Amino acid sequence: MPEFRLYNTLTRRVEPFAPTDGQTVRMYTCGPTVYNAAHLGNFRTFLFEDLLRRAFRLAGWEVEQVMNLTDVDDKIIRKAQANGQHILEVTEPYTELFHKDRRYLRIEDAERYPKATEHIPEMIELVERLVANGVAYVADDGSVYFAIDKFADYGKLSQLDKREVKSGARVAQDEYAKENAQDFALWKAAKPEDESTGAAWDSPWGRGRPGWHLECSAMAMKYLGETFDLHAGGIDLIFPHHEDEIAQSEAATGKQFARCWCHGEFLLTDGAKMAKRVGNVANVVELREQGISGTVYRHFVFNAHYRKQLNLGEDSLEQSRAAVNRIGAFALRLADATGGTPALAEAATRAEKAFLEALFDDLNAPESLAALFTFITEANRELDAGGTDLAALERARAAFRLMDSVLDLVPEQETEAELAAWVEERLAARKAARERRDFAAADAARAELTARGILIEDGPSGTRWRRG
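Residues numbered from 1 in each chain as written. Predicted model: local features only at pLDDT ≥ 70, side-chain atom pairs only at ≥ 80, totals over all residues. Heavy atoms only, no water.

## Description of the overall build of the chain
Across its full length, the chain carries 15 helices and 16 strands. Principal-axis analysis of the C-alpha atoms gives the chain an extent of 85 × 55 × 35 Å. The burial tally for the chain puts 54% of its 468 residues in the buried class. The contacts of the chain with a sequence gap of at least 6 include a subset with a gap of at least 24, amounting to 76%. Here the chain displays about 20300 Å² of accessible surface, and carbon together with sulfur accounts for 48% of that area. With 59 positive and 76 negative side-chain charges, the chain shows a separation of 3 Å between the mean positions of the two kinds. (Helix = DSSP H or I, 4+ residues; strand = E, 2+ residues; numbered from the N terminus. Buried < 20%, exposed > 50% of the residue type's maximum accessible area, 1.4 Å probe, protein only. Contact = heavy atoms within 4.5 Å. Areas by Shrake-Rupley, 256 points an atom, 1.4 Å probe, with all protein chains shown as cover. Lys, Arg positive; Asp, Glu negative; His and termini not counted. Charge placed at Lys NZ, Arg CZ, Asp CG, Glu CD.)

Pasting the structure below:
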């Protein structure tokens, strides 16, 4: 196996990576804030983390992944107050939807999904340690703030210019601009809207609730220890969220919080970051409604390196649909084959080597995909030759299984009846478009059929179709 290497945001370098104990990767990944459906940009991050955990297992390690569910924060409280609800009435349906969407995209289960509201005692204990250590202080209203000037390494993850730090100034909201780095709230004194929505708890400082940053530190250390191997999330979490996590955790323990930090880049739509506040959001429900499988979105995401921005364009998913159909057709052919050639075994060995080298080199999914498709081309050529070497065939199958164990792109097979019904519906739409001389719509219908591997032939007796 090649050496496993990852880009560490903390050092800004690609470095060798291995779990501390040589056996189990202990990783914390920031999960969704469950006040709305997670969008496809969120799921780009979750898919990069899914690829990461699968790659770790391929390297021979076990994985202990903790993904938190933020079920109390500013946005949740605002929504609950507007709807006259308890915060859990807001969060529980979206928590269920997150898991449904996650499974649709074939994202493996993390080992733990802790909820913030179920770990309030751990959060209070962490704040008490920080106050005792002299790095946190109680404000007049009963809120507790972290004093960033008391933590010498503040800004080391985001490489924050120290001149942008406003020591002694306070910020109560969870998210704030980089130019406004201030003492941040660990514990927020309860307001009427907190009490009315069930977002307030007793504490040594009076009724209140945790700050967003505090939640992750408390849950990460409870389940993974005061120092663990890897912390991952989207690039937008570097500051303030992850920077503040480091400060409060290391100021409490005196130990390094996470050894390695990995961050995934944005998903763009028409060149702009996908975000609910700008209204350019697409979600998994919409994928399902449009008949776009989880494997298609997986392929689309893995077509770009996790540290590169990815643009969701008009034709992107159709291109991925065609690629996934090709993988599915090859999987069926490989399963049905009765023999191979020595060259097939050689192609499998080359592909596996190239795949692992790319995957273990900072999770280079595009190069891993390239290795897979090169193998499909070469293997199809050898299967066309009609060899009888059973060992070579099994070698090819093993290589394909290895690659797909990480990428997970073999589509679920439609029944013939489901496929036929869909094809006939598309052919009818094409015919109607041609009759009204809407040739653009007719061409679009034909392109959909071609993307699914369906070949059509127009003749005097009508249109016939067959699998390509």
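Structure shown, so let's carry the discussion forward.
## Considering the sheet that holds strand E4 (residues 62-67)
Spatial strand order, E4-E3-E10-E11: 4 strands in an open sheet with parallel pairing. Pairing within the sheet leaves two strands with one partner each, and these edge strands are E4 and strand E11 (258-264). Direction aside, the axes of adjacent strands within the sheet are offset by 25° on average. Bridge count for strand E3 (residues 24-29) against strand E10 (residues 228-234) is 3 bridges, and the pairing is parallel. Bridging across to E10, Tyr 28 finds its partner in His 231. Helix-sheet contacts for helix H1 (residues 40-58) involve E3, E4, E10 and E11, and the interaxial angle to E10 is about 150°. Together, E10 and E11 form the strand contacts of helix H7 (residues 238-253), whose direction differs from that of E10 by roughly 160°. (Pairing = 2+ DSSP bridges. Axes fitted to C-alpha atoms, helices over the stretch in contact; angles between N-to-C directions.)

## Topic: the environment of Thr 11
With respect to the element layout, Thr 11 can be found in the loop between strand E1 (5-8) and strand E2 (13-16). Residues Thr 11 and Trp 261, 250 residues apart in the sequence, show an inter-C-alpha distance of 8.9 Å.

## Quick notes on the side chain of Glu 265
Positionally, Glu 265 belongs in the loop between E11 and strand E12 (267-269). Within the buried set, Glu 265 has no salt-bridge partner at all; the shortest N-O distance to an opposite charge, 5.7 Å, is to Arg 44. Sequence-distant contacts of Glu 265, that is, excluding residues within four places in its chain, are made with Arg 44, Ile 235, Tyr 306, Arg 307, Lys 308 and Gln 309. (Salt bridge = Lys/Arg side-chain N within 4 Å of Asp/Glu carboxyl O.)

## Remarks on the pattern of salt bridges
The tally for this structure, following the rule as stated, stands at 41 salt bridges. With a closest N to O distance of 3.6 Å, Glu 64 and Arg 112 form a salt bridge. Taken as a pair, Glu 64 in strand E4 and Arg 112 in the loop between helix H3 (87-104) and helix H4 (120-132) lie far apart in primary sequence, 48 residues in all. For Arg 112, a relative accessible area of 38% gives the class partly exposed. Of the charged contacts in the structure, one is a salt bridge between Asp 384 and Arg 333, with a shortest N-O distance of 2.5 Å. Placement of Asp 384 in helix H12 (residues 365-384) and of Arg 333 in helix H10 (residues 316-336) is noted, with a sequence separation of 51 residues between them. In this structure Asp 384 comes out as exposed when scored by relative accessible area, which is 57%.

Remember that the coordinates give geometry; whether it matters functionally is a separate question.
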